[in-house]
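If you want the building blocks of each chain, they are given just below.
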Amino acid sequence: MTLRASTVSWRSFERWAQVRDLIRELIARDIKLRYRGSLLGIAWTLLNPLAELLVLLFVFGTVLRLDVPNFGAYLFTGLLVYGWFQTSLNFATGAIVGNRELVRRPGVPSVILPIVTVASNLVHFVLSLPILFGLLMVSGIHLTSAVLALPLLIAIQFVLTAGLAYPVAAIHVWFRDTQHVLRVVLQLLFYVTPIFYEASSVPAGLQPIYRLNPMAHLVDAYRAVLLRGELPNPRSLLFLTLVSFAALLVGLMWFRRAADRFADEL
Amino acid sequence: MKPMVVVTNVSKTFRRYHPDRPATIQEAVAKGLRRMRSVERFWGLRDVSFTIGAGKAVGIIGANGSGKSTLLRLIGGVGRPDSGRIDVHGTLGALLDLGAGFHPDLTGRENAILAGILNGLTRRKVLERLDSIVAFAEVEKALDNPIRTFSSGMQMRLAFSVAVHTEPDILLIDEVLSVGDIAFQRKCLDRIAQFKAAGCSILLVSHEGSMVQDLCDEAVWLSGGRLMAQGGATDVVRQYAAHMGVGDPLLTEAKIEDESSYPAASPPPPTVRTTHGEVPLNEQRFGSMELTIGAVRVLDAAGQPVAEVESGEAIQIEIDYAATARIVAPIFCARILREDGVVCYDVSTQDSTLSLSTIEGPGRIALHIDRLDLNSGRYVLDVGCYAQDWAYAYDYHVAECSLVVRGDGRREAVLNAPHRWEIKGGTAPRVVTPAELDVRSSS
């Protein structure tokens, strides 16, 4: 009896280790493939937000002169955070459709594929953090111990993004223009998220609706930790946590139901 | 010992959609979501049950679209049956679509590591075995080049090598061995035999009877998603081959071998008494035996039994049957095959105006062939009776009778239809004397 029990637990331990290795290897594959054969390699990760930063700095810092303190650092924080969210969801459309062989293969739980997408984009996000820290230093901002809350924010963002990546990946199996629709939606969301302006500039009457966007809370929380050196607003944090886990729960349940038919539809 | 895989009453349907079904969100919005629903469902698998015992090799055989691969994937945990259940006790390994998961831009090494993990190993175990994997695949020199520079043979060897460096309890194999060169196939088969010797259960999917016969102890025959027969591999493969006839060139080869053993004279009718469901399996006869076919006679125009007929003569084929139960809309069929297995003639009551509603008890049915326009030679006769819509065979006799057709025996063709020649244009026909012909050929 004991022997049997131990074999079973050993088996499941092995299985967990194997799934963990599988996720890790798929993330590594994603990253390698994105930069293999490109001259600048991983530097592309940084060039994209930096180019965006320069354009927006010019438009809103020089031409329109928005009066936001430390505008460069403020803007770059928003761009990186939103960038991880946006690229993860854009790539999530291909998480199932682009991995036909894996989905149809016994022993590969398709539920890991959207996670792999979000995680490989997390790697890019983390790799660009040193640039952000450099920018903060140049702007004369000193990090406080509040920065220790950063991993928590990253974890919450991961849950939120994964929660949305699941339905996106599944819908794209049936509707192959999901990526185009999604691109438009994410572009609109970019403008209703305080990335190049301050949330406080939104008229008071619109604030209740504006505050429904979890990304607004999230971007603000990152800025509290990095720029203002304070802990995020606890009510925001609670709202974010609830929304993120609810999204993950619903998204995952929905995805699992759809997953039974992926192999038939691909 | 308890079975490794238990498949119980598994059914799976697929959906067929409306041709105007929206494929994009844009269309869905424009046309409304009503058309999203499937217009019909069709059976991928229908009430299939079987087990794979520990250390047993089981083959699933069937034509394309018979549900073999669907079943294999369901057992592998891809998708879910609509009803029924599949219990798998043990770890699965898979030899499917060799090399399909490889990414062309990654190196051989990177692909091999990922493939190893996909095959159920941890990364550490793959790394431990990498040398052995590479040696078995014989790709040492190219290992760090992108896999797109590998030949397809090298890719397949590498994929196979990775897959066999695992210790699954159950190995799923899907037609992979029909690709690759002979030496590689040999190596694969040896390796699979080793797995089997080590106590691994094997499930092999193939439309190739010979492979199932060689590798498997037992076989399951699927047709249109239904289980047609299951049992010893040799028996099931023979039934399948007899059923498929010349549809598949590989099976035709198999049939030719079988037909060398056709008896010259018709064998005595089988005397085996069977209860419903007990199937006397041999190469001459198969079916559920709800209806049994007794004597089969070839008669000439006068109704006299004959063993030889003149080409172009009328014949009758008389079949005695006995139905043990009420049988609705059975289909009787008869085929005439040349000695080398070519099906020359194949008819059934379904193609005719005679519709059979219900039969019960003993009876006799006759097929009248008004002209047997076959060339001279030796032929054999298959007769059978199938359930409604060809669902399965009640009784099928392979090479029940032999028949000799006499006539002008110089030509090789099958057909000897009545004919005449006529000149309908060009130079006016003129009778040429033999003397003239001689002059022409000598000049």
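Residues numbered from 1 in each chain as written. Chains lettered and ligands numbered in written order. Predicted model: local features only at pLDDT ≥ 70, side-chain atom pairs only at ≥ 80, totals over all residues.

### Points about the overall build of chain A
The test is simple: A helix here means a DSSP run of H or I that spans at least four residues, while a strand means a run of E at least two residues long, and both kinds are numbered starting from the N terminus. The burial label depends on the number of other C-beta atoms within 10 Å of a residue's C-beta. Counts of 20 or more mean buried, 12 or fewer mean exposed, and intermediate counts mean partly exposed, with C-beta atoms placed from the backbone. Note on contacts: residues are paired as contacts if their backbone-placed C-beta atoms lie within 7 Å.
When helices and strands are counted, chain A shows twelve helices and zero strands. Overall, chain A shows an N-to-C arrangement of helices and strands of α-α-α-α-α-α-α-α-α-α-α-α. Across the 266 residues in chain A, those meeting the buried criterion constitute 36%. Counted over contacts in chain A with a minimum sequence separation of 6, partners at least 24 positions apart contribute 78%.

### A few points about the overall build of chain B
Within chain B one finds ten helices and 18 strands. For chain B, buried positions account for 38% of its 443 residues. For chain B, long-range pairs separated by at least 24 residues make up 72% of all intrachain contacts whose partners lie at least 6 apart in sequence.

### Some points on the sheet that holds strand β11 (residues 291-300) of chain B
Residue and element names in this part refer to chain B. Condition: Here the rule is simple: two strands pair whenever DSSP picks up at least two bridges between them. Think of each axis as a best-fit line through the C-alpha atoms, taken over the contacting stretch in the case of a helix, with angles from 0 to 180 degrees between the N-to-C directions.
Read across the sheet, three strands follow the order β11-β13-β16 without closing on themselves; strand pairing throughout is antiparallel. Each edge of the sheet is formed by a strand with only one pairing partner; in this case those strands are β11 and β16 (358-369). Ignoring strand direction, the axes of neighbouring strands in this sheet form an average angle of 15°. With eleven bridges joining them, strand β13 (residues 315-328) and β16 adopt antiparallel strand pairing. Its bridge partner lying in β16, I317 is registered against L367.

### Comments concerning helix α3 (residues 71-92) of chain A
Let me state the cut-off plainly: Residue count minus one, scaled by 1.5 Å, sets the expected span of a helix.
Here α3(A) spans 31 Å end to end across 22 residues, near enough to the 32 Å set by a 1.5 Å rise per residue. Most of α3(A) sits inside the fold, with 19 of its 22 residues counted as buried.

### Some points on the interface of chain B and chain A
What counts is decided by this rule: Each residue gets one label: Ala, Val, Leu, Ile, Met, Phe, Trp, Tyr, Cys and Pro are nonpolar, Asp, Glu, Lys and Arg are charged, and the others, such as Gly, are polar.
Between chain B and chain A, the residue contacts involve 30 residues of the former and 26 residues of the latter. Ranked by residue count, the leading element in the side of chain B that touches chain A is helix α3 (residues 108-118) of chain B, at four residues. Grouping the constituent residues of the side of chain B that touches chain A by class yields 16 nonpolar, nine polar and five charged.

### Concerning the environment of B:A334
Residue and element names in this part refer to chain B. When you line up the elements, A334 lands in strand β14 (residues 331-338). Along the sequence, A334 and S348 sit 14 residues apart, while their C-alpha atoms lie 6.3 Å from each other. With residues up to four places along the chain from it excluded, the contact list for A334 reads I317, V347, L367, L381, D382 and V383.

### Describing the confidence of the model for chain B
All names here are of chain B. Using the following cut-off: You can read pLDDT as the predictor saying how much it trusts each residue, on a scale of 0 to 100.
Of the residues in chain B, 81% reach a pLDDT of 70 or more, and the chain-wide mean stands at 77. Looking at the elements of chain B, mean pLDDT is at its lowest for helix α9 (residues 249-259), recorded as 35, and at its highest for strand β3 (residues 57-61), recorded as 89. Predicted confidence for residues 246-282 stays below pLDDT 50, and this span has 45 contacts to residues more than four positions away or in other chains. Under the prediction, the complex receives an ipTM of 0.81, its pTM being 0.66.

### Thoughts on the packing of helix α7 (residues 150-174) of chain A against helix α8 (residues 178-191) of chain A
All names here are of chain A. Formally: Working rule for angles: under 35 degrees goes down as roughly parallel, over 145 as roughly antiparallel, 65 to 115 as roughly perpendicular, anything else as oblique.
Across the interface, α7 lies against α8 with an axial gap of 9 Å and an inter-helix angle of 140°. One element, α7, and the other, α8, form an angle in the oblique class. Judged by residue contacts, V168, I171 and H172 of α7 engage T178, Q179 and L182 from α8. Of the residues in the contact of α7 with α8, the class split is three nonpolar, three polar and no charged.

### Things to note about the pairing of strand β8 (residues 218-223) of chain B
Residue and element names in this part refer to chain B. Extensive coverage of β8 is indicated by the burial of six of its six residues. Pairing geometry for β3 and β8, over four bridges, is parallel. Its bridge partner lying in β8, I60 is registered against V220. Judged from the six bridges that link them, β8 and strand β9 (residues 226-232) form a sheet pairing that is antiparallel. Paired with E218 across the two strands is G232, which belongs to β9. A loop of two residues connects β8 with β9, the two strands running antiparallel in sequence, and G224 in this loop sits at a positive phi of about 55°.

### Comments concerning the confidence of the model for chain A
Summing up the model confidence of chain A, the mean pLDDT is 86 and the portion of residues at 70 or higher is 94%. Within chain A, the lowest mean pLDDT, 73, falls on helix α1 (residues 2-35) of chain A, and the highest, 94, falls on α7(A).

### Re the nonpolar core
Counted only if it meets this: By convention in this section, buried Ala, Val, Leu, Ile, Met, Phe, Trp, Tyr and Cys residues joined through C-beta atoms within 7 Å make up a nonpolar core.
In this structure, A:A165, B:L172, B:L203, B:A219 and B:L381 are the most contacted members of the largest nonpolar core, which totals 162 residues. Among residues more than four places away in sequence, those in contact with A:A165 are A:S88, A:L89, A:A92, A:A95, A:P114, A:T117 and A:V118.

### As for unusual backbone geometry
Residue and element names in this part refer to chain B. Phi is positive for N9, close to 45°, though the residue is something other than glycine. With a phi close to 45°, A329 is a non-glycine residue in the positive phi region. Along the chain, A329 turns up in the loop between β13 and β14.

### Observations regarding the packing of helix α6 (residues 112-138) of chain A against α7(A)
Each pair of packed helices gets described by two things: the angle between the helix axes and the distance between those axes. Residues and elements named next belong to chain A. Note the threshold: With the far helix as reference, a near helix turned anticlockwise by less than a right angle produces a left-handed crossing, and one turned clockwise produces a right-handed crossing.
Direction vectors running N to C along α6 and α7 enclose 135°, while the axes themselves pass 9 Å from each other. Viewed along their axes, α6 and α7 adopt a mutual orientation that is oblique. The way α6 lies across α7 gives a crossing that is right-handed. Residues L113, P114, I115, T117, V118 and L122 of α6 form the contact with α7, whose own contacting residues are F158, T161, A162, A165, Y166 and A169. Across the contact of α6 with α7, the residue classes break down as ten nonpolar, two polar and no charged.

### Considering helix α4 (residues 123-137) of chain B
All names here are of chain B. Operational definition: Take the seven residues that end at a residue and the seven that start at it, fit an axis to each, and the angle between those axes is the bend at that residue.
Of all the bends in α4, the largest measures some 55° and sits at R129. Listing the buried residues of α4 in full gives V126, I133, V134 and A137. Among the structural elements, α3 and α5 (152-164) are those in contact with the buried residues of α4. Immediately beyond the C-terminal end of α4, within one or two residues, lies E138, with a positive phi of roughly 55°.

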